[in-house]
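Notes for the structure review
Below, each chain spelled out in residue letters.
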Amino acid sequence: KANNINASKHLDITLKGSQGATDIGQRDDYATFLPGTVFKPRRRTRIMDLFRRKKVSRETVKYREENVVTRDAKFVIACATSTHTTKKTWVNRTVELAKIRDIVDICIDMLEDYDFVESEIRQLIEESVKLKADYELLLGTGTDATSMLSIETISSEFDPANVLAPFDEAFEKANLEQLADAMKAQITVFGQENAWMPDTLVMNFTDFVKYRNLKDANGNKLIHTLSDNVATIAGMQVVTSPIVASNTCYVFDSTRGEILDRQMLTVKTSYENKDNVEHETVTLVAVERLQFHVPIINRDAFMKCSD
């Protein structure tokens with residue numbers, strides 16, 4: 001209402017209603033939704049990436065190795081006769097491919113109503129297969145013919161007292177670098193300093209950090225053969241993975257192994273699996289067919305240290 005408008009030049013107004021933010025029931029319904037999904041941590045398939053891939057077209061692969069080799073060259077005098085037993089035999093080996101599969105059912109309504117569901121479920125199932133292959137490649141038991149051959153099963157255990165290349169008590173206050181170098185040396189010696197040249201050290205990241213922060217007796221940090229770009233120990237690239245148990249490591253010549261690739265990872269969609277129609281679901285099936293191949297002769301190029 002107005003009181004003596006002409007005298008005071010002042011106007012008072014009584015409001016009949018007031019709107020505030022609390023009048024909107026669920027204000028966060030009107031929020032800006034950031035695109036994308038924040039994913040939980042997942043490891044990289046570092047072990048699988050260490051080996052070259054070779055395309056194959058059958059479920060089994062055969063290869064040939066030397067079996068028994070005898071070299072019997074001799075010195076002779078002038079035209080004297082000599083006898084020799086130089087000879088070799090061969091053996092054929094068979095490799096069977098392994099298959100890795102994962103399956104997920106999804107409600108069709110979810111696919112139609114939420115545009116991010118299908119792509120993320122596909123990504124999930126692909127990662128599941130890749131991570132399984134990576135794990136089995138390093139740590140699998142490889143007990144069945146159709147299982148994946150693993151680095152764990154073919155690696156010999158490091159023995160510092162091995163008579164062919166003994167290193168027991170060889171180093172005073174030995175650290176990881178001396179261990180890795182001794183393992184590398186044994187593999188090199190076993191390969192006649194010609195067949196195998198170890199180039200890779202696989203270990204736990206925590207062990208690696210402890211190593212690179214070693215200090216001398218005066219408390220000074222030791223600078224070994226580490227690089228800011230590519231970490232190396234004893235001239236070998238360092239590859240870390242969370243699937244490697246602490247206090248263990250593997251040393252090997254990565255050129256001696258390869259991934260036989262029969263079928264690259266594929267994801268297929270099926271609407272006819274069991275009761276899909278009844279429940280209006282779709283089945284995603286991820287499949288990869290492959291095998292880790294290391295000829296038996298070359299398996300001495302792989303070594304592990306369990307302690």
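Throughout what follows, the structure given in this document is the object of discussion.

What counts as what
Along every chain, residues carry numbers that run from 1 in the direction the sequence is written. Local features in this predicted model are restricted to residues whose pLDDT is 70 or higher, and side-chain atom pairs enter the listing and the counts only when it is 80 or higher, whereas totals over whole chains, interfaces and linings include all residues. For the side-chain quantities, the full set of heavy atoms in the structure was used; hydrogens and water were omitted. For two strands to pair, DSSP has to find at least two bridges joining them. Helix and strand definitions follow DSSP, with helices as H or I runs of at least four residues and strands as E runs of at least two, each counted in order from the N terminus. A fitted line through C-alpha atoms serves as each axis, taken over the contacting stretch for helices, and the angle formed by two N-to-C directions is quoted from 0 to 180°. Residue contacts follow a heavy-atom distance rule, with two residues in contact if any of their heavy atoms lie within 4.5 Å. Only protein chains enter the area calculation, which uses a 1.4 Å probe; residues under 20% of their type maximum are buried, those over 50% are exposed, and those in between are partly exposed. For Phe, Tyr and Trp, where Trp contributes only its six-membered ring, two rings pair if their centres lie within 6.5 Å, and the inter-plane angle classes them as stacked under 30 degrees, edge-to-face over 60, or tilted in between. Here, over-ring charges are defined by two tests on the NZ atom of lysine or the CZ atom of arginine: distance to the ring centre within 6 Å, and angle to the ring normal within 35 degrees. For this analysis, a nonpolar core means a set of buried residues of the types Ala, Val, Leu, Ile, Met, Phe, Trp, Tyr and Cys, connected via side-chain atoms within 4.5 Å. Multiplying 1.5 Å by the residue count of a helix minus one yields the expected span of that helix. Polar contacts here mean pairs of N or O atoms no more than 3.5 Å apart (in protein, one a potential hydrogen donor and the other a potential acceptor; neighbouring residues in sequence count only if both atoms are side-chain atoms). Salt bridge, as applied in this entry: a Lys or Arg side-chain nitrogen positioned within 4 Å of an Asp or Glu carboxyl oxygen.

Further remarks concern the sheet that holds strand 12 (residues 302-305). Ordered in space as 5-12-9-6-8-7, the six strands form an open sheet in which the pairing is mixed. This sheet does not close on itself; its edge strands, each paired only once, are strand 5 (156-157) and strand 7 (232-233). Inspection of the sheet shows strand 6 (residues 200-203) paired to strand 9 (residues 249-252) by four bridges, in the antiparallel sense. Each bridged residue has a counterpart across the sheet, and for Val202 the counterpart in strand 9 is Tyr250.

Ordered in space as 1-10-11-4, the four strands form an open sheet in which the pairing is mixed. The open sheet terminates on both sides in strands that have one partner only, identified here as strand 1 (52-55) and strand 4 (98-107). Neighbour-to-neighbour, the strand axes of the sheet open up by a mean angle of 30°, direction not taken into account. Bridge analysis of strand 1 against strand 10 (residues 258-270) gives four bridges, and the strand direction is parallel. Within strand 10, the residue paired with Lys54 across the bridge is Leu260. Sheet strands in contact with helix 3 (residues 117-139) are strand 4, strand 10 and strand 11 (281-293), and its direction is about 155° off that of strand 4.

So, on to unusual backbone geometry. Positioned with a positive phi, Ala234 is a non-glycine residue whose angle comes to about 55°. With respect to the helices and strands, Ala234 occurs in the loop between strand 7 and strand 8 (236-240). A positive phi angle is found at Glu280, which is not glycine, with a value near 55°. Looking at the secondary structure, you find Glu280 in the loop between helix 7 (276-279) and strand 11. Classification of Glu280 as partly exposed rests on a relative accessible area of 48%.

For the coordinates displayed, the defined rule picks out six aromatic pairs. Aromatic side chains Phe167 and Phe171 sit 6.1 Å apart centroid to centroid with 15° between the ring planes, which places their arrangement in the stacked category. On the accessibility criterion, Phe167 (22% relative accessible area) is partly exposed. Site record: aromatic cluster; members linked through ring pairs are Phe51, Phe252, Phe292 and Phe302. Above the plane of the ring of Phe39 lies Arg42, whose end atom (NZ or CZ) is 4.8 Å from the centre.

Membership of the largest hydrophobic core comes to 55 residues, with the highest contact counts inside it found for Phe51, Ile151, Leu201, Ile233, Phe292 and Phe302. Core analysis: the next-biggest nonpolar cluster, separate from the first, contains six residues, Val56, Val61, Val95 and Leu260 among them.

Right, let's talk about helix 5 (residues 176-190) for a bit. Over its 15 residues, helix 5 runs 21 Å from end to end, which matches the ideal 21 Å to within 8%, given 1.5 Å per residue. Here helix 5 has its buried residues at Leu176, Glu177, Ala180, Ala182, Met183, Gln186, Ile187 and Thr188. With a side-chain oxygen positioned 2.8 Å from the backbone nitrogen of Glu177, the residue opening helix 5 is Asn175. Where helix 5 ends, the next residue or the one after it, Gln192, has phi of about 60°, a positive value.

Pairing is possible between side chains that carry opposite charge, provided their charged atoms lie close to one another. All told, the structure shown has 13 salt bridges when counted by the stated rule. In this structure, the salt-bridge partner of Arg52 is Glu258, at a minimum N-O distance of 3.5 Å. Taken as a pair, Arg52 in strand 1 and Glu258 in strand 10 lie far apart in primary sequence, 206 residues in all. The class of Arg52 is partly exposed, set by a relative accessible area of 46%. Classification of Glu258 as buried rests on a relative accessible area of 8%. With its nearest N and O atoms 3.4 Å apart, the salt bridge here joins Lys54 to Glu258. Of the two residues, Lys54 is situated in strand 1 and Glu258 in strand 10; the sequence distance between them amounts to 204 residues. Assessed through its relative accessible area of 41%, Lys54 is described here as partly exposed. Each of Arg52, Lys54 and Glu258 takes part in a single network of salt bridges with overlapping partners.

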